[in-house]
Amino acid sequence: MENRNKKTSRLVFSAVMIAVGTVLSLFKIDFVMGGGITVCAMLPLVMVSFRYGTKWGVFTAFVFSVLQCLLGLDNVQYATSAGMAIAIIFLDYIVAYTVIGFSGFFRNRAKNFKTALVLGISATFFARFLCHFITGWMIWDALWPNEFGMAAPLYSLCYNGSYMLAEAVISTVAGNIIFKKRAELFQ
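Residues numbered from 1 in each chain as written. Predicted model: local features only at pLDDT ≥ 70, side-chain atom pairs only at ≥ 80, totals over all residues. Heavy atoms only, no water.

Draft legend 1. Summary view of the nonpolar core. In terms of nonpolar packing, the biggest core is built from 45 residues, with M42, V46, I88 and F125 touching the most fellow members. Secondary structure elements with two or more residues in this core: α1 (2-25), α2 (43-52), α3 (54-71), α4 (82-98), α5 (113-143) and α6 (152-181). Dropping the residues within four chain positions of it, I88 is found in contact with N75, V76, A79, Y93, I139 and W140. (Core = buried A, V, L, I, M, F, W, Y, C linked by side-chain atoms within 4.5 Å. Buried < 20%, exposed > 50% of the residue type's maximum accessible area, 1.4 Å probe, protein only. Helix = DSSP H or I, 4+ residues; strand = E, 2+ residues; numbered from the N terminus. Contact = heavy atoms within 4.5 Å.)

Draft legend 2. A look at the layout of surface pockets. In this structure, the largest pocket spans a volume of roughly 910 Å³. K28, G35, N75, Y159 and Y163 are the residues nearest the centre of the largest pocket, which is lined by 34 residues in total. Looking at the lining of the largest pocket, the elements that each hand over two or more residues are β1 (28-30), β2 (36-38), α3, α4, α5 and α6. Of the residues contributing to the lining of the largest pocket, the split by class is 13 nonpolar, 13 polar and eight charged. (1 Å grid on protein atoms, 1.4 Å probe; cavity = no way out; pocket = protein on both sides within 12 Å on 5 of 7 lines; lining within 4 Å. Points joined across faces, edges and corners; volume = space filled by probe spheres on them. Nonpolar A, V, L, I, M, F, W, Y, C, P; charged D, E, K, R; others polar.)

Draft legend 3. Quick peek at α6. When the terminal C-alpha atoms of α6 are compared, their 43 Å separation across 30 residues agrees well with the 44 Å that a helix rising 1.5 Å per residue should span. Maximum bend of α6: about 30 degrees, positioned at G161. (Expected span 1.5 Å × (residues − 1). Bend = angle between axes of the 7 residues up to and from the residue.)

Draft legend 4. Seen up close, the side chain of T124. By the element assignment, T124 lies in helix α5. Excluding residues within four positions of it along the chain, T124 makes contact with V99, I100, F102 and S103.

Draft legend 5. Quick look at the packing of aromatic side chains. Inspection of every chain in the model, using the stated rule, returns 15 aromatic pairs. Between F64 and Y97 the ring centres are 5.6 Å apart and the planes differ by 70 degrees, which places this aromatic pair in the edge-to-face class. Placement of F64 in helix α3 and of Y97 in helix α4 is noted, with a sequence separation of 33 residues between them. According to the relative accessible area criterion, F64 is buried, its value standing at 0%. Through pairs of rings, three or more aromatic residues link up here, namely F50, F113, F179 and F186. Over the aromatic face of F13 sits the side chain of R51, whose NZ or CZ is 4.1 Å from the ring centroid. Stacked on the ring of F105, the Lys or Arg R109 has its end atom at 3.8 Å from the ring centre. (Phe/Tyr/Trp six-rings, centres within 6.5 Å; stacked < 30°, edge-to-face > 60°. Lys NZ or Arg CZ within 6 Å of the ring centre and 35° of its normal.)

Shown next, in the form of structure tokens:
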């Protein structure tokens with residue numbers, strides 16, 4: 001019976017974290033060059049991965065990525081080919097958000113929790129950035145060349161790097177604050 005309760009608890013916690021992350025993703029602060037940061041929309045996925053492990057974290061992040069894809073499906077309409085649409089769906093949504101689930105990989109590989117959290121967020125948010133960088137360079141610039149006249153890779157770096165760096169810093173700070181107040185949410 002205890003094993004069943006643990007599974008139910010894990011499922012409920014993960015569903016609540018997906019819901020919290022989804023709601024937080026709807027509130028964005030727009031940046032000058034475009035893009036925007038959310039207020040810790042990825043942090044609930046990090047918490048699930050730290051609490052239940054990488055495998056469950058990746059699964060939870062995948063479910064979140066499907067929801068994000070459905071919420072952002074209107075972006076796919078801009079694709080001029082099936083290949084471009086598939087690339088947008090997979091790189092801007094499915095892969096980009098699913099990689100956040102790997103953050104828990106660092107939990108037992110660092111000397112303390114804070115280091116593990118910084119490494120987990122840094123590595124997985126960087127992987128997410130790479131997904132957006134590639135689509136920004138290869139797809140979105142082909143659809144809408146930037147108004148600054150910058151080379152596509154440089155513009156994608158600035159556009160995606162600005163909000164992803166801010167997102168990573170805010171999530172790291174908030175994660176450490178939450179851990180200090182409610183460590184059990186990560187354990």
